[in-house]
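What the coordinates show
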Amino acid sequence: MILALYERSGGHVAEARNEVVYDVERGVARLGAARVDGPAVVWALAAEGQEHLVAQSHEPLEPALQIDVELDPGLEWVVRCDRIDFPPGGVAHRHVHPGPGIRRLLHGELTIDSPDGVRTYGAGEAWFEGAEHPVLATASATEETAFVRVLLLPAEWAGKRTIRYLDPADEEKPKLQRATVLLEEPFSP
């Protein structure tokens with residue numbers, strides 16, 4: 001399956017069921033038919049062999065990020081869009097999630113420490129985290145930070161918190177970040 005993220009500064013009209021559209025100004029997300037007149041972030045999902053649908057539905061723009069993800073066809077899946085807000089200095093201790101996803105930083109600065117290295121992201125930048133890929137996320141010490149993401153999750157995770165801390169002691173530490181689920185819908189890979 002292809003998961004791609006597109007930036008749509010002048011708005012976006014989605015007619016396809018395979019698009020998650022986040023309205024940057026209103027802070028809401030929709031799956032499928034949606035219209036956003038201002039800036040939008042769009043995630044498109046396409047099955048193997050259907051990659052041309054992603055490209056055609058968003059011409060002439062190239063994706064900001066596009067990833068091939070493997071999803072078990074024997075499982076049922078949900079697509080979740082949520083927003084994570086950090087106060088200055090907030091930390092999401094080393095953790096994993098049960099499904100892959102693309103994140104896009106809305107504002108602030110976020111440093112991601114993973115087995116792939118350490119990278120600091122600024123507003124408008126996007127990154128991918130795979131299922132069970134361990135990361136430590138540290139927000140800017142001086143300003144609020146927020147990102148929005150789309151996760152592809154096994155259906156057993158519907159309605160549940162997906163973060164799992166790798167060090168059990170981190171589970172007891174204060175959690176300053178706040179997750180807001182914007183949508184969660186079943187989908188078929």
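So, about the overall build of the protein. The helix and strand inventory of the protein stands at two helices and 17 strands. A compact globule built from 189 residues would reach a C-alpha radius of gyration of about 16 Å, and the protein, at 16 Å, matches this within 12%. With the principal axes as the frame, the protein shows a C-alpha extent of 45 × 40 × 30 Å. The buried share of the protein, taken over its 189 residues, is 47%. A separation threshold of at least 6 residues defines the contact pool for the protein, and within that pool the share at least 24 residues apart is 76%. Split by element, the accessible area of the protein, about 9,300 Å² in all, is 49% carbon and sulfur.

In this section: the pairing of strand S15 (residues 145–154). In terms of burial, S15 is largely enclosed, as ten of its ten residues are buried. The pairing of strand S8 (residues 77–86) with S15 spans ten bridges and is classified as antiparallel. Each bridged residue has a counterpart across the sheet, and for Arg-83 the counterpart in S15 is Val-148. Relative to S15, strand S10 (residues 101–107) runs antiparallel, the two sharing six bridges. Paired with Arg-104 across the two strands is Val-148, which belongs to S15.

Definitions and cut-offs
- Residues numbered from 1 in each chain as written.
- Predicted model: local features only at pLDDT ≥ 70, side-chain atom pairs only at ≥ 80, totals over all residues.
- Heavy atoms only, no water.
- Helix = DSSP H or I, 4+ residues; strand = E, 2+ residues; numbered from the N terminus.
- Rg over C-alpha atoms; globule rule 2.2 N^0.38 Å.
- Buried < 20%, exposed > 50% of the residue type's maximum accessible area, 1.4 Å probe, protein only.
- Contact = heavy atoms within 4.5 Å.
- Areas by Shrake-Rupley, 256 points an atom, 1.4 Å probe, with all protein chains shown as cover.
- Pairing = 2+ DSSP bridges.

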